Amino acid sequence: MPQMSFSKVSIAGLQPLPAGSATLKLWLAALPPLVAGMASSGLPRALGLLIGLSWFVLLIVALGRARLAALLLPAAATAWFVVVLLVLPFNSPAFIVDSWAALAMLLMTFPRAAVRTAVS
């Protein structure tokens, strides 16, 4: 009976997140919400810390063999962007930092092939 290796299984052709300079940029994108969260109080603090810490957890899992976590990175960034727009007071420092960070996370996690076809 042939044994199946789970490292060869892919979900919709998605590979785990490769380690490299692009991954470092993804890690650095989570720092502004953490800093803004530590500098504020109340709901902006909780939301900034939630965005930063959950992004770190998703990246750690996506760097491993979890292809599903790599698929969830753009969905999580989109969800955080929508939550920031709906929850935080407009034009507050936490709103500006968290919305730009979530938008940067979303743009950096798009698959390159999808970006190339959208541009051309």
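Residues numbered from 1 in each chain as written. Predicted model: local features only at pLDDT ≥ 70, side-chain atom pairs only at ≥ 80, totals over all residues. Heavy atoms only, no water.

Q: Help me out: how do you make sense of a nonpolar patch on the surface in this one?
A: Judged by side-chain polarity, L43, V82, V83, L85, L86 and V87 come together as a nonpolar surface patch covering roughly 520 Å² of accessible area. Per-element tally for the nonpolar patch: the top contributor is helix α4 (residues 67–87), with five residues. Residue position: V87 is located in helix α4. With a relative accessible area of 39%, V87 lands in the partly exposed category. (Patch = residues over 30% accessible without salt bridge, like charges linked within 9 Å, V, L, I, M, F, W, Y side chains within 5 Å. Areas by Shrake-Rupley, 256 points an atom, 1.4 Å probe, with all protein chains shown as cover. Salt bridge = Lys/Arg side-chain N within 4 Å of Asp/Glu carboxyl O. Helix = DSSP H or I, 4+ residues; strand = E, 2+ residues; numbered from the N terminus. Buried < 20%, exposed > 50% of the residue type's maximum accessible area, 1.4 Å probe, protein only.)

Q: Is there a simple way to think about the confidence of the model for the protein in this case?
A: Should the pLDDT be low somewhere, the predicted coordinates at that spot are not to be read in detail. Chain-level statistics for the protein give a pLDDT mean of 79 and a share of 75% at 70 or above. Within the protein, no element has a lower average pLDDT than helix α6 (residues 112–119), which sits at 59, and none a higher one than helix α5 (residues 93–108), at 91. Here residues 3–13 is modelled with pLDDT under 50, and outside its nearest four sequence neighbours on either side it reaches nine contacts, counting other chains as well. (pLDDT = per-residue confidence, 0-100. Contact = heavy atoms within 4.5 Å.)

Q: Got a minute to help me understand the environment of R45 in this structure?
A: Here R45 lies in helix α3 (residues 43–63). Residue class for R45 comes out partly exposed when judged on its relative accessible area of 36%. Each C-alpha atom of the pair R45 and P33 lies 8.8 Å from the other, and the pair is 12 residues apart in sequence. Leave out the neighbours within four places in its chain, and R45 touches G37, M38 and S40. Of the polar contacts made by the side chain of R45, one reaches the backbone oxygen of G37; its length is 3.5 Å. (Polar contact = N/O pair within 3.5 Å; in protein donor to acceptor, adjacent residues only side chain to side chain.)

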